[in-house]
Each structure stands twice: as C-alpha cells, then as structure tokens.
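Each chain, written out:
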Amino acid sequence: MGMHRHLIFLLLLFLLLLLYAPDLPDLPRVVALSEDVAPGTLVAKVNVSCSNTSSSPNVTLHGIDPGHPFNPIAVSADPVATTTFWAEVTLRAGAQLDAHQVNQYTLTLWAACPGEEEVEKQLFVRVTADQALRCDTPFASVEGDVVQVLADVAPWTPLYAVLPQPLGGLTTFRLEIEVMDHHGHNCSGAVRVEVLPPRRPRVTFLELQQAVTVPEGTGPLELVTQVRASGDNIHYAILAPTAPVLFTIDEMTGEIRSTRRLEVAHTHLIVQAYNALHPTDHATATLNITVQGTDQRAPSCVPAIVVSQVPETMSPGSTLVTLRCTGAEGNLHYALEGPPASRSHFRMDGPQLQVNTTLDYDSEATDTMGFQFTATIVVMVGGQPSQSTRVPMLVTVTPVNEFTPVCPNGATFTVMETAAFGSTVGRVTGTDRDYPRDSLEYSLEGGPGPAQPFSVDTHGEIRVVGPLDSQRHKSYRLTVRLTDTHNDLDPANRRSCLCDVTVRLQAVPAQVPVCTPEVQELRIMAGLGGHQPVTRVVCQASPNGATLAYAITGGNEDGHFRLEGNTLFYLPGDLAEPHTFMLLVEVWGGPSAPRHSTVVALVVHVTPQSTAVPPSTTPRHTTLQKEPLVITRTEAVWHPVAWFVAVLTISGALLLATLGCAARNLLCSNRDPGKLLLSKSSRLSRQGRPWGCAQDGDREPRRDHESNMADLLLASCSLLIVRGWLHIPVTAQQRELG
C-alpha cells in the first residue's frame, strides 16, 4: 500500500510541474531580416509567461554555431502584467549578414522560470538579400584597389574583377581607367559594363506561407497538402524541423503526407524548393499545420496492423483475423481497399478478414505479386470516412507440396559401346507442377555397378562409368528416382517417383588390324648365346588404342623363333647350313568373338656363323614387288540338315551289312577245301570240251563265285555312294609363294 501511495505522489508532482511551466506563446515563428541591417538591430521580441512572479525567467540560446551574429538574450519585465516578460534577440556588434552564404538561422530559445519546468521553442530568422548595390570592399574604398601587371602583358588579358553584392536585376558598372607609362605620359578613359539577368527562371514559391488544418486521426501516408514552386528542375525538401517526425515530403511533387496517425498538435514546417542542377538557386516557404480534434473519435482497432502467413491450400471462407475495435459510438462498417487482386482473394465479413477464393501459390499471377497480398481494412463509424480507422494488411502465401513429379515420355538413349569413361549419354527431364516449376533432384536406384555401368547426377545427366560390351548387353534398363525440392515450407515434405530409362548400346563394327608392311624379307646371322631380335611387326588397330595380340601360326615347326609382344626373336640352335624360314604371324584385336585377324608373312634367311656369308651388306627389309607372296586362308564350316543326317545313317548301315556278308562268304570258302579242288578239276575237265557245255556238277561252284562277285560289287557301289555324300568341305589353308 505504501508503494502505491509513493507512486501516486510522484504522479501528482509530475502533473504539478507540467501545470507550472513557462510558456513561449509567440514561438515558433519566422522573422525576416535584411542583410544590410546595422549591428545591434532588434531581430525579434518574444513573450515569456511565468506562473511565479518572484523573479524573472532565464532565457538562453541553444543549437547555433559559435560564430553566430546574435547577442545573448536580454529579458525585461512587462510593465502591465506581472507574470509576463519580454525576451529580445538582437544583432551583436560587427555582425555582417550575407544571404548568399547563410539565408536562414534556426535559434532555439530555452526558458526556465524559478521553480518551474524548462521549455524550449524555435525562432527562424530568414536573411533576405539587400536590394541596394554594393561593391567589394577594396574596390569601394577611398584609396581603391591596386593591380600590378608586367610590362609585356598580352592584349585582352583580364586585369581586375569587380564583385558586386548582389547581382540582382539590371546592374551597371562604370570603370574609369588611367594609363601611365614610365616616361610619365598618361591617358584616361571610362568603360561601362551592364550585367543582364540570367536567362533561366529563378526558383520561386507561388505561396510563401500556408496554413493547413487536418482532422485528428488522419492515418499514415495520407495527403495533407502540396507546395508548388516555379522554375527548372524543381526538387523539394523539409529544412525544419531537421528530423521531421509527423510529416514527409515527396522530393519531386511537393506532396506532404503524414508519417503516422495524427493527434491534436501544431507543427511549423519550413520547406525549400531548389534547382537540382543549380542548388544555389532556391527558395523557402513556411507551413503551419494544425491537427484539430473532432467531437467523434475514430475507433481504435486491435491489431493495428494485420500480418498473416497462410498456406495456399487454405479453403475459401476461412478466417484469417478478427478485428476488435473500441472507443467509438455507433455502428462500425468494415471495408477492404487495395489492389483488385487483393480484393478478389479476400473479403470482410463484419470484423472478420476471410479468404474469398483459392490461394494458388503455383500461378504466375501470384508470382508477379511476390506471393504477397496488400490491402487496407477501413473501419468507419456510421459510414463516415472522416471518422474512420485504417488497418494495413499484409498476407503472405506459403507453398504446399501438392503434386508428384511426372516421368518423361519415352526416356530412351543410345550410346556407342566404345564410349569413354565419363561420356554423357543423355539427360532425364521430368516435370513438376509445384512452384518453382520442375525443381527436381535425380538419383540412380541401386547406384553404379557392373550390372549398370552408368551414373545419374542431381541434374539428371547420365554418364558412362564402366566398360560397355554390346555382345553381352544390347541395352540397359535404369531406374531413376525423381524427387522434388523447395516446394514446401517443411523440407521433409517431399514427393518422388521412379522412372524407367532405357540405354541402348550401339555396336561398333570390328575391323581387322592394318599392318605395314604385310610381307617382310629379312636376313640375319645366327649368333651364339641367348635369343636375338629379328624384327618388329608394326600394326594399327581400329579403333585406335585397342590392344593387339600376336601369334606365330605357321613356318615355326622347329621352334627357332618366338614372339614377345610384336617383336620376333630368333632362338639359336643346331643349324649348320643356311636356311630360309617362311613364318606366318597372325595379328588380332582383343578377345572379342568372332575374331578378326590379319596375317603377316615373314621370310627370314638365317646364315650360321660358321658359314660364309653371301656377298651382302646389312640385313634388309624388302617387299617383293614383281612376284608377291600370296597367302590364301579359307575357313569353311559345314552344317548338315536333318534329312541328310538320316540318309547318311542309313547308307552307313547298308555298307556295314554288305561288308559283313562279303567277309562271311570269304571265310566259308576258305574252310571247305573240297569245293576248291572240285572247282580246279572242273576247270581242267572243261578244257577238253567245248565252251558252253556244262555239266550238272559244275553249276554249284559257279553260283558261289557269282555270289561273291555280287557282294563285292554291292560293297563297292555303297562305298562310292557314301564317299560322294561324305565329300564335306573342311578348314584348309593354301599357300602360294610366287
């Protein structure tokens, strides 16, 4: 309870101090002072009122530069009113005013009465240019000014400049000039110079003073008044107060608007208009703005500013905020003012701000507005705009991830099987209806590996990261995941889909290696010791860079030669006589099937070291031009049809049966010698009788002999038939050396 009494006492004391405070009823005020006034001139006389009559108040100047041209404030008592005093502002001795340097002084008068609260107000002293013509001090003095020039000064050289103060209107200079040489001869003359006014119009206010009255409760940024000035390139600025709190001015138009909700007050503004290209060309005007109170106060609403953030999926009819307005008598009317887009998406249902239509974050219209809607809620008492309150509104629409990404149609790519590591195969391009459009990340399900030698980056680029072989895989089926991003305030709310992508391998036709030369003739001397190099087979694969394999396929029956890579080595042995070897070297590229190879012929003449060397110089590599070595290699494969296999089987069975019967008959004849003797005796008996006469005993041996002959004939025919059917082409190699 004691604490409350102490607070009440302090509050009453504060109110008493406010009630007993000096008053400067004449301020703020603007006074005009000519720049040619004499020192000590009275600038202004200000009335000071005090509640206490025991002593005079203390009035001082604040907020001006140390070199100001004003005396300290002199205070005198009013002879009639005992509580009224007069504060006089005068120019100090030696003060010189120049409107071209300083055209206005802002004096802050601080007044304090004994036992009362201090108060301070401003006095604006405007310095006006003198209309009388005045010249510069040295030129206008009795002695005049002195100019020294050289004797050889060039004609038309400027010797002296006369500075008039000011150059206003039509000004005329008359110069009397006397010229004297070193012999004392002289002559004199006069020059008259007329100064014409500038061609451009000077900046001038149409009204130097304005009194404006606005009602209490005027909202922020409402137009209060407008000042106008004539001239070129006019710009406007508020000179006083230096930091305006209640009002602001448009630099280009001169419109003065309120910066906040206005209450009852009186404000004095000094506005300057100036030429933006010539800032020294300017003018000032004075405005007295009075904010008057009204009998009916405008309502006070909570919240004073509506700032809301809503998702795009909020349904129409939803309430964003409910205003609570008090302090007004009568019925309150609510209306929404602002851009058409805001008024179409929102509505007022009494004091409730509601969604009128669907808020689509993914539309271009919402994008152009920055996904924000601005408007003003106007609350009026009885429908009177003068008794209204304005509540600014700002609604931000936030995105919601509504749609799932969509896979591209026909995602099929083709790549050469010889594509290098890191080569680009193609790009998967999905779509997403959420804003921002098509904001997707891509990934490969399962990752790269031998089964799918490809990678997919976050942008959908498919690249080769492994070896490709069209013989093993004609195509690859990849599963790519599409995941949307930045489509929702919640980063975890993401949608994805799986897309099938087909990558087809394009086979590269294999080409046989090309060797240069294809035939070589070499002569070497068989040395002792280890193996000695003979030659190197130079071949080029296609595509370039493929690995080649080499092998000796003919002519090396004795094993005198060996291949290491593409280099041929001779292995010394027991060769006693010169000998010529014809080697066939097969060259093929890689392990691919079928194999495509080239055969190189090497003719090597080997001479033992003990044998006299033929009259020959160094070993030479020659290519037979007139009679080239022709090598023909034929490979044929026989694939019989099914019916031919059946006929061949039956013919073979008949052949075996015939041979078996013939062998049996021969064996039976050898086992019966009586029949053989009988046959011999029959031949002897037939010698004695004519041919053609046969006895009964001769018929049986003759049938046996005819049966044997038939069996042999049948076997021979069967053998010929089988041999004809078995005339099968086989792999053969033919070599012809011309």
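Residues numbered from 1 in each chain as written. Predicted model: local features only at pLDDT ≥ 70, side-chain atom pairs only at ≥ 80, totals over all residues. Heavy atoms only, no water.

Caption draft 1: The arrangement of the overall build of the protein chain in detail. Across its full length, the protein chain holds seven helices and 47 strands. Residues classed as buried in the protein chain amount to 32% of the 738 residues present. Expressed as a percentage of contacts within the protein chain between residues at least 6 apart in sequence, the contacts between residues at least 24 apart total 66%. Here the protein chain has roughly 45800 Å² of accessible surface; of this, 56% comes from carbon and sulfur atoms. (Helix = DSSP H or I, 4+ residues; strand = E, 2+ residues; numbered from the N terminus. Buried < 20%, exposed > 50% of the residue type's maximum accessible area, 1.4 Å probe, protein only. Contact = heavy atoms within 4.5 Å. Areas by Shrake-Rupley, 256 points an atom, 1.4 Å probe, with all protein chains shown as cover.)

Caption draft 2: Representation of the sheet that holds strand E44 (residues 579-589). Taking strand neighbours across the sheet as the criterion, the four strands line up as E38-E45-E44-E41 in an open arrangement whose pairing is mixed. Every interior strand has two partners, whereas the edge strands, strand E38 (519-525) and strand E41 (548-554), have only one. Taken pair by pair, the neighbouring strands of this sheet meet at an average axis angle of 30°, ignoring direction. (Pairing = 2+ DSSP bridges. Axes fitted to C-alpha atoms, helices over the stretch in contact; angles between N-to-C directions.)

Caption draft 3: Fine view of unusual backbone geometry. Residue Pro436 is reached from Tyr435 by a cis peptide bond, and omega for that bond is 0°. If you trace the backbone, Pro436 turns up in the loop between strand E31 (424-427) and strand E32 (440-444). For the peptide bond that leads from Thr516 to Pro517, omega is -10°, which places it in the cis range. Tracing the sequence through the fold places Pro517 in the loop between strand E37 (514-515) and E38. Positive phi, close to 60°, is recorded for Leu221, a residue that is not glycine. Secondary-structure assignment places Leu221 in the loop between strand E13 (209-215) and strand E14 (223-226). A positive phi is found at Asp438, a non-glycine position, where the angle reads about 55°. The residue Asp438 is located in the loop between E31 and E32 in this model. For Asp438, a relative accessible area of 41% corresponds to the partly exposed category.

Caption draft 4: Structural view of the state of the cysteines. A full pass over the atoms with the stated rule returns four disulfides. Note on cysteine connectivity: Cys50 is disulfide-linked to Cys113, with sulfurs 1.7 Å apart. When the S-S torsion is -55°, as for the bridge of Cys50 with Cys113, the disulfide is left-handed. One end of the pair, Cys50, is in the loop between strand E2 (42-49) and strand E3 (58-62); the other, Cys113, is in the loop between strand E6 (104-112) and strand E7 (119-128), with 63 residues separating them in the sequence. Taking relative accessible area as the criterion, Cys50 reaches 5% and is therefore assigned buried. The disulfide partner of Cys407 is Cys499, and the S-S distance across this bridge is 1.8 Å. For the disulfide bridge between Cys407 and Cys499, the dihedral angle about the S-S bond is near -85°, and by the sign convention the bridge is left-handed. With Cys407 in the loop between strand E29 (384-398) and strand E30 (412-416) and Cys499 in strand E36 (residues 496-506), the pair connects residues that are 92 residues apart, well separated along the chain. Owing to a relative accessible area of 26%, Cys407 belongs among the partly exposed residues under this scheme. With a relative accessible area of 2%, Cys499 lands in the buried category. (Disulfide = S-S within 2.5 Å.)

Caption draft 5: Quick peek at the nonpolar core. With 28 residues, the main nonpolar core has Leu123 and Val125 as its most contacted residues. Contributing elements (two or more residues each) for this core: strand E1 (29-34), E2, strand E5 (84-90), E6 and E7. In this view, Leu123 contacts Leu27, Arg29, Val31, Ala44, Val89, Tyr105, Thr106, Leu107 and Leu109; residues no more than four positions away in its chain are not counted. (Core = buried A, V, L, I, M, F, W, Y, C linked by side-chain atoms within 4.5 Å.)

Caption draft 6: Looking closely at the packing of aromatic side chains. For the coordinates displayed, the defined rule picks out nine aromatic pairs. Ring geometry for Tyr361 versus Phe371: centroids 4.1 Å apart, planes at 15°, classification stacked. You can see Tyr361 sitting in the loop between strand E27 (352-355) and helix H4 (364-368) and its partner Phe371 sitting in the loop between H4 and strand E28 (372-381), a full ten residues away along the chain. Residue classification places Phe371 among the buried residues on the basis of a relative accessible area of 12%. Taken together through their ring pairs, the aromatic side chains of Tyr361, Phe371 and Tyr435 make up a single cluster. For Lys45, the ring lying beneath its charged end belongs to Trp86, and the centroid distance is 5.4 Å. Lying over the aromatic face of Phe403, Arg433 brings its terminal NZ or CZ to 4.0 Å of the ring centre. (Phe/Tyr/Trp six-rings, centres within 6.5 Å; stacked < 30°, edge-to-face > 60°. Lys NZ or Arg CZ within 6 Å of the ring centre and 35° of its normal.)

Caption draft 7: Fine view of the confidence of the model for the protein chain. With 75% of its residues at a pLDDT of at least 70, the protein chain reaches an overall mean of 78. Per-residue pLDDT stays below 50 along residues 722-738; that stretch engages in 27 contacts with residues further than four places along the chain or on separate chains. (pLDDT = per-residue confidence, 0-100.)

Caption draft 8: How the structure looks around the environment of Cys113. Here Cys113 falls in the buried class, since its relative accessible area comes to 4%. The spatial distance from the C-alpha of Cys113 to the C-alpha of Val59 is 8.8 Å, given a sequence separation of 54 residues. Those residues in contact with Cys113 that lie beyond four places of it in its chain are Pro22, Ser49, Cys50 and Pro57.

Caption draft 9: Up close: the sheet that holds E6. In space, the four strands of this open sheet follow the order E1-E7-E6-E3, with mixed pairing throughout. A single partner strand is all that each edge strand has here, and the edge strands are E1 and E3. With strand direction ignored, the average angle separating the axes of adjacent strands in the sheet is 30°. Taken together, the six bridges between E1 and E7 define a ladder with parallel strand orientation. Paired with Ser34 across the two strands is Thr128, which belongs to E7.

Caption draft 10: Here's a closer look at a nonpolar patch on the surface. Together, Val147, Val149, Val153, Leu159 and Tyr160 make up an exposed nonpolar region whose accessible area comes to about 400 Å². Residue position: Leu159 is located in the loop between helix H2 (137-140) and strand E9 (164-165). The class for Leu159 is partly exposed, based on a relative accessible area of 49%. (Patch = residues over 30% accessible without salt bridge, like charges linked within 9 Å, V, L, I, M, F, W, Y side chains within 5 Å. Salt bridge = Lys/Arg side-chain N within 4 Å of Asp/Glu carboxyl O.)

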